Each structure stands twice: as structure tokens, then as C-alpha cells.
Amino acid sequence: MGFFVRIDILTLFPAMFRGMLDSSIVRIAIEKKLADVRLSNVRNFTYDRHRSVDDTPYGGGPGMLLRPEPIFRAVEAIAWTEHTAPELLLMTPQGEPFTQHIAQQLSLKKHIAIICGHYEGFDERIRIGLKPWEISIGDYVLSGGEIPAMAIIDAIIRLLPGALGDQQSPESESFQNGLLEYAQYTKPIVWRDMPVPEVLSSGHHQKIRDWQFRSAYERTLARRPDLLEKFLQKNSQVLDKSKNTSFPP
Ligand code: ADE
């Protein structure tokens, strides 16, 4: 069986990725040949004596910018598979906010390439010429795109069929259905005067599902009313029909 997804990472700091690629679910997915992740060092695409990847901005201003040449060459050096260009991503705080929905979209792609910047920013011609999908992992500034790329790779790989042992789990967790995850308990049944809610060990499946839904609902209302509003809009018909019965119907 072929790989589900190939991911090329274009970075000046490939060593940053070793820990995550060698650990946990990502490692298992790579071992199972669900994902083929390749690291490409952008500095290998510099041909000048100093192997320079960055330079000062025209017009002045603080910091250094990534030069366009090594980035263009690194992108062009990726072997296109099946004659289609990869989905090209650029990690930047100016990008589209990353969501579980984007992770799902990306988990369906055959080939993804991720450009990780460093320094103050990119020469604008990287945007104009390569037209990448610019993605941000949140409204804060990191010193490079490597950690954002790792977050995105992790979110994609765990959605690949067979990556998680228990195929149920991606569906029930936070965001996948639009609500935060419900409270969960394992053994022991009482810990330091804190008991597991009785219903959860009752064996009554419908009551358990009702409790879990209420827990997810209340948690989302308290912590993320913005998400709850979207959830209610999306599910209004279903919820109307199921009035006085339990959810999910
Ligand atoms: N590079 C630096 N900060 C970033 C962020 N928040 N998201 C994506 N790329 C970044």
C-alpha cells in the first residue's frame, strides 16, 4: 500500500523536527508507511560563497528577511508526484488561523510542502511568486515557522486512517463535532474524596451519552461561548427534532 500523504518540510533548522518525527503517533504513522515526511535544508539551495539565506530589508527597518532564491529553488527541487504540485503552505502569523477543519482538509491531500520562515519575515516575492497558503497557529509570534509546522503535521497525521489505534477517538474529541470534549475519568473510582460520577459506571448507555453531552455542552458554554454559538447554528434542526429526547438523536 502506498503512503497516504507525503510531507516536505523546508527549513533552516531540520534538527528541530527530529524529536517529533521520532516520537509517539507521528513516529508510528511513519513506521506504518501512512506518512512519508522529508526534511529539506533551505541552506543547501544557496550557491554564494557565504551561503546566505537572509538579508536586510530594502527601505530600512529592523531585522533580516529570508531571500527568495533559496526558497524558490528548494520548492522547485521537490519532486512532484503524480504530476501534481504539492499543496504549498507558508507558516506566518499573518496567515489564516489554523483550525481542525483545515487539518481535515489537509489530511485528504496526497502531497504537502511546508515553508518555515525564520528571522523577521520573508521577501514578498515568496508570496507573489509561489502563492502559498499562509497559515498561522495563533495570535502570538514565535521565532520561526518550525513549531507551527510541527503542530500542523501532528494534527494532520493523527487524522490519517490507521494512525490512531482506536478509530473512534478522532470523532469524539474536542472540535471534531464542534464542542469541547466532555469530562473523562479512569480508575480509581474514588481519589482523595473525589468520586467518579455514578452514572459513568452505571452501564446505562443512553444515560452515559446524555451525561457526556451535557458535560461537553456546559464546558463549551463556560470556556468557549463562540464555539457553542456556531455549534447551535449548525445543529439547530437536529436539536429541534430531538427536543425532549436525548442528544445525539
Ligand atoms: N511564525 C512565527 N509565529 C507564527 C505563528 N503564530 N503561526 C505561524 N507561523 C509563525
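What counts and what doesn't
Residues numbered from 1 in each chain as written. Predicted model: local features only at pLDDT ≥ 70, side-chain atom pairs only at ≥ 80, totals over all residues. Heavy atoms only, no water. Helix = DSSP H or I, 4+ residues; strand = E, 2+ residues; numbered from the N terminus. Expected span 1.5 Å × (residues − 1). Contact = heavy atoms within 4.5 Å. Pairing = 2+ DSSP bridges. Right-handed = clockwise from strand over helix to strand, strands pointing away. Domains from an automatic or database assignment. Buried < 20%, exposed > 50% of the residue type's maximum accessible area, 1.4 Å probe, protein only. Polar contact = N/O pair within 3.5 Å; in protein donor to acceptor, adjacent residues only side chain to side chain.

**Student:** Help me out: how do you make sense of unusual backbone geometry in this one?
**Tutor:** Negative phi values dominate among residues other than glycine, just as trans dominates among peptide bonds. The amide bond that connects lysine 187 to the next residue, proline 188, takes the cis arrangement and shows omega of 5°. Turning to its location among the elements, proline 188 is positioned in the loop between helix H7 (169–172) and strand E9 (190–191). Even without glycine at this site, serine 24 takes up a positive phi of about 60°. Examined against the element boundaries, serine 24 turns out to sit in helix H2 (residues 24–31).

**Student:** So what exactly am I meant to see when it comes to helix H8 (residues 205–223) here?
**Tutor:** Think of an α-helix as turning once every 3.6 residues; residues three or four places apart then point the same way. The terminal C-alpha atoms of H8 lie 27 Å apart, and with 19 residues this matches the ideal 27 Å at 1.5 Å per residue to within 8%. For H8, the elements touching its buried residues are helix H9 (225–234).

**Student:** Any chance you could explain the sheet that holds strand E7 (residues 121–122) here in plain terms?
**Tutor:** Within a beta sheet, neighbouring strands are joined by backbone hydrogen bonds and run either parallel or antiparallel to one another. Pairing is mixed across the open sheet formed by three strands, whose spatial order is E3-E4-E7. What marks the edges here is a single partner per strand, and that holds for strand E3 (54–55) and E7.

**Student:** Which parts of the structure should I look at to understand the pairing of strand E5 (residues 87–97)?
**Tutor:** Looking down a regular strand, the side chains alternate between one sheet face and the other. For E5 and strand E6 (residues 111–116), the ladder comprises five bridges, and the chain directions are parallel. Bridging from a neighbouring strand, methionine 91 pairs with cysteine 116 of E6. Following the backbone out of E5, through helix H4 (residues 100–107) and into the adjacent parallel E6, one traces a crossover that is right-handed. Judged from the five bridges that link them, E5 and strand E8 (residues 133–136) form a sheet pairing that is parallel. Among the inter-strand pairings, glutamate 96 is bridged to a residue of E8, identified as isoleucine 135.

**Student:** It is not clear to me how the domain arrangement of the chain should be interpreted in this structure. Could you clarify?
**Tutor:** When the parts of a complex come together, some accessible area is lost, and that lost area is often taken as the interface size. Each assigned domain of the chain is listed here: domain 1 (5–157) and domain 2 (177–242). Taken over C-alpha atoms, the centre of domain 1 sits 37 Å from the centre of domain 2.

**Student:** Just to check I follow, could you spell out the environment of arginine 73 for this structure?
**Tutor:** The residue arginine 73 is located in helix H3 (residues 68–77) in this model. Look at arginine 73 and you get partly exposed, because its relative accessible area is 29%. Taking C-alpha positions, arginine 73 is 23 Å from isoleucine 153, a pair spaced 80 residues apart along the chain. If sequence neighbours within four positions are ignored, arginine 73 has contacts with Phe45, Thr46 and Tyr47. Only 2.7 Å separates the side chain of arginine 73 from the backbone oxygen of phenylalanine 45, close enough to count as a polar contact.

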